[in-house]
Amino acid sequence: MEQIKKGALWVFCEVQSGELLPVGMQLLGRAKTLAAESNRPLYAIVLGKIPEGAVKTLGAAGADEVICSDSPALADKLEQPYADSLIDLAQKFEPDILLVGATPFGRAFAPRVAAALGTGLTADCTELSIEAESGLLLQTRPAFGGNMMATIKTATHRPQMATVRPGVLPLPEPVETPLSEPIAIPYNNEAGLVRLLRETAISKGADISQSKIIVAAGRGIGQKKNLKLVQALADKLGGEVGASRPLVDMGFCPYSSQIGQTGYSVAPDLLICCGISGAVQHLAGIGGAKTVIAINTDPKAPIFSVADYKIVGDCVTVLENLLKLLG
Ligand SMILES: Cc1cc2nc3c(=O)[nH]c(=O)nc-3n(C[C@H](O)[C@H](O)[C@H](O)COP(=O)(O)OP(=O)(O)OC[C@H]3O[C@@H](n4cnc5c(N)ncnc54)[C@H](O)[C@@H]3O)c2cc1C
């Protein structure tokens, strides 16, 4: 336990169905730079049963140590006992910075931790950096409906807490790591008032934030029936269908496909945008895409400013022709 230093940078690494979620490694990748710049040790925190091989994976993503805490109360993944465990760890070892992935669980769990520790929490950051003179964490996120970016500092309370959505930060290149065992901290917390009776998947669709290829439709797709072309191209390329918010609001597409500030952040190798204007709130979700192809009738559409390949034309015709070409 004495190897756990106070004032460290912690990244909560969420486990889902026995596997580490990529957002933990994405956070560690950025946190490694932040830790080096501010001379803080970097610890990955895993609560509940730690998956086999997780310590190596987290070490390869940049963690100096992996701290885990398990107890019977963590057998079911419920926010309160998980929050209680992290609060206990934070009270014992006083991290200076605590980062959490803004998954559905993270969004419900991180505010409980922040409230109990009496600190602030900046949700859905798109950028994290260190202020050179103070060593404070600079937490940047969209504000005022996405029309401006705000940079927030937690000057007087600790830990400085921020969440980042999956897919906003890239996965780091793995590095050599000597780590093989976690530092286990026992904690016998109460089971809490809530019990998990059963789990039901509410979305049968793929997790778009993990998709490597996305064909996304916007209002320019016109009628709902044209979405069949988008789906057909996604199927041909082995990808998923994404959507701008209006298509979700109109009931054309499920929320699980919404890309953007109030939807999912995506980081595919290939993103094809069909009839999407490129509003700031939409662009907020596609910063991680490696190659962007945009199809739009308006040559001045903002989406073209982030596109690697630009097709000015009717997306329905372009999709039909692409499908013909692909056979
Ligand atoms: C707080 C807040 C949060 C928001 N969150 C999100 C979010 O998470 N995700 C999101 O997407 N939006 C979000 N929005 C909405 C956002 O501001 C835009 O309104 C939305 O992204 C526009 O969607 P769109 O590009 O499909 O439609 P439009 O802006 O209407 O653009 C349609 C585009 O299609 C083009 N077009 C028209 N016909 C054709 C054709 N035949 N072929 C090719 N191109 C054609 C047009 O030139 C135009 O560029 C949010 C807004 C607010 C205020």
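Residues numbered from 1 in each chain as written. Predicted model: local features only at pLDDT ≥ 70, side-chain atom pairs only at ≥ 80, totals over all residues. Heavy atoms only, no water.

### Concerning the side chain of Arg-40
- Structurally, the position occupied by Arg-40 is in the loop between helix 1 (22-38) and strand 4 (42-47).
- Owing to a relative accessible area of 11%, Arg-40 belongs among the buried residues under this scheme.
- A distance of 2.7 Å separates the side chain of Arg-40 from the side chain of Asp-96, its partner in a polar contact.
- When neighbours within four sequence positions are excluded, Arg-40 is seen to be in contact with Gly-7, Ala-8, Leu-9, Ala-35, Asp-96, Ile-97, Ile-130, Gly-135 and Gln-160. (Helix = DSSP H or I, 4+ residues; strand = E, 2+ residues; numbered from the N terminus. Buried < 20%, exposed > 50% of the residue type's maximum accessible area, 1.4 Å probe, protein only. Polar contact = N/O pair within 3.5 Å; in protein donor to acceptor, adjacent residues only side chain to side chain. Contact = heavy atoms within 4.5 Å.)

### Looking at the sheet that holds strand 8 (residues 127-130)
- Taken in spatial order, the 3 strands make up an open sheet running 8-9-10, and their pairing is antiparallel. Only two strands of the sheet have a single neighbouring strand rather than two, namely strand 8 and strand 10 (148-152). If you compare each strand with its neighbour and ignore which way they point, the axes differ by 25 degrees on average.
- Bridging between strand 8 and strand 9 (residues 137-143) involves 4 bridges; their strand directions are antiparallel. Considered in strand 9, the bridge of Ile-130 is made with Leu-137. (Pairing = 2+ DSSP bridges. Axes fitted to C-alpha atoms, helices over the stretch in contact; angles between N-to-C directions.)

### Points about the site of the ligand
- The full set close to the ligand counts 26 residues, and Arg-219, Ser-244, Thr-262, Ser-277 and Asn-296 are the nearest of them.
- Between the ligand and the protein, one listed contact pairs an oxygen atom with a side-chain N or O atom of Gln-281 at 2.8 Å.
- Taken by itself the ligand offers 990 Å² of open surface, and the protein chains cover 74% of this.
- Within the residue set of the shell around the ligand, elements represented by two or more residues are helix 6 (245-249), helix 7 (280-283) and strand 16 (291-296). (Near = heavy atom within 4 Å. Areas by Shrake-Rupley, 256 points an atom, 1.4 Å probe, with all protein chains shown as cover.)

### Quick notes on the domain arrangement of the protein chain
- Partitioning the protein chain into domains gives domain 1 (9-184) and domain 2 (208-326).
- One C-alpha centre belongs to domain 1, the other to domain 2; they are set 31 Å apart.
- Each partner contributes residues to the interface: domain 1 has 9 residues there, and domain 2 has 13 residues.
- Roughly 800 Å² of surface becomes buried between domain 1 and domain 2 when both sides are summed, with 40% attributable to carbon and sulfur atoms.
- In terms of surface lost to domain 2, no three residues of domain 1 exceed Arg-165, Pro-166 and Gly-167, which account for 48% of the buried area on that side.
- For the pair domain 1 and domain 2, the number of links is 0 salt bridges.
- Across the contact surface, domain 1 and domain 2 share 3 residue pairs in polar contact (both at pLDDT 80 or more). (Domains from an automatic or database assignment. Buried area = accessible area lost by both parts, 1.4 Å probe. Salt bridge = Lys/Arg side-chain N within 4 Å of Asp/Glu carboxyl O.)

### Considering the packing of helix 3 (residues 79-93) against helix 4 (residues 104-117)
- One can describe the packing of helix 3 onto helix 4 by two numbers: an axis separation of 9 Å at closest approach and a directional angle of 45 degrees. As far as their axial angle goes, helix 4 and helix 3 are oblique. The chirality of how helix 3 crosses helix 4 is right-handed. Facing Glu-79, Gln-80, Tyr-82, Ala-83, Leu-86, Ile-87, Ala-90 and Gln-91 of helix 3, the residues of helix 4 in contact are Phe-105, Ala-108, Phe-109, Arg-112, Val-113, Ala-116 and Leu-117. (Parallel < 35°, antiparallel > 145°, perpendicular 65-115°, else oblique. Left-handed = near helix turned anticlockwise from the far one by under 90°.)

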